[in-house]
Amino acid sequence: MSEYKRQKSNQLNRLLPAGLVASARWLDKHDYRSNLVAHYVASDRLESPARGVYRVPGPPLKWQAVVASLQLIEGSWSHVGGSTALVQRGLGHYARLSGVETICLYGPETLPHWVNKLGVPERFEQ
């Protein structure tokens, strides 16, 4: 592996912590062109849980990591609110008996199209 590729790989590990996801647009903005991203996916340094979204392989993706990715990586102002915030603080008083849990997000911008395609068991709603 050339020194340049080794430096790019190490830089990616610093920019994209394990567990978080990043869009192809974000990777491109940080000088990771599509051919390099494809090489990383082929060599198992990155995985793609949805089209145009990448993460460092590791433990299963959780909804909290998706929210953190939106805020820290994508620069979104979205935040958890409503019934989700109440449940997280231990103040929820309705037991969910079945179905998919809905994560309520609030913010000025709309959620990216890939958020509900990541394979997490929860559904995001704005």
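Higher on the page you've got the structure.
Presented here is an overview of the structure given in this document. (Residues numbered from 1 in each chain as written. Predicted model: local features only at pLDDT ≥ 70, side-chain atom pairs only at ≥ 80, totals over all residues. Heavy atoms only, no water.)

### Brief notes about the packing of aromatic side chains
The relation between two aromatic rings is expressed through the spacing of the ring centres and the mutual angle of the planes. Inspection of every chain in the model, using the stated rule, returns one aromatic pair. Look at Tyr 32 and Tyr 40: their rings are 6.4 Å apart centre to centre, the planes differ by 50 degrees, and that puts the pair in the tilted class. (Phe/Tyr/Trp six-rings, centres within 6.5 Å; stacked < 30°, edge-to-face > 60°.)

### A short note on helix H3 (residues 34-42)
Taken residue by residue, H3 has Leu 36, Val 37 and Tyr 40 as its buried positions. Along the long axis of H3, the arc covered by the buried residues comes to 100 degrees, so they all point the same way. Opposite the buried face of H3, at more than 90 degrees from it, the exposed residues are Ser 34, Asn 35 and Ala 42. With its phi angle positive at about 65 degrees, Asp 44 sits one or two positions after the end of H3. (Buried < 20%, exposed > 50% of the residue type's maximum accessible area, 1.4 Å probe, protein only. Helix = DSSP H or I, 4+ residues; strand = E, 2+ residues; numbered from the N terminus. Arc of directions from axis to C-beta.)

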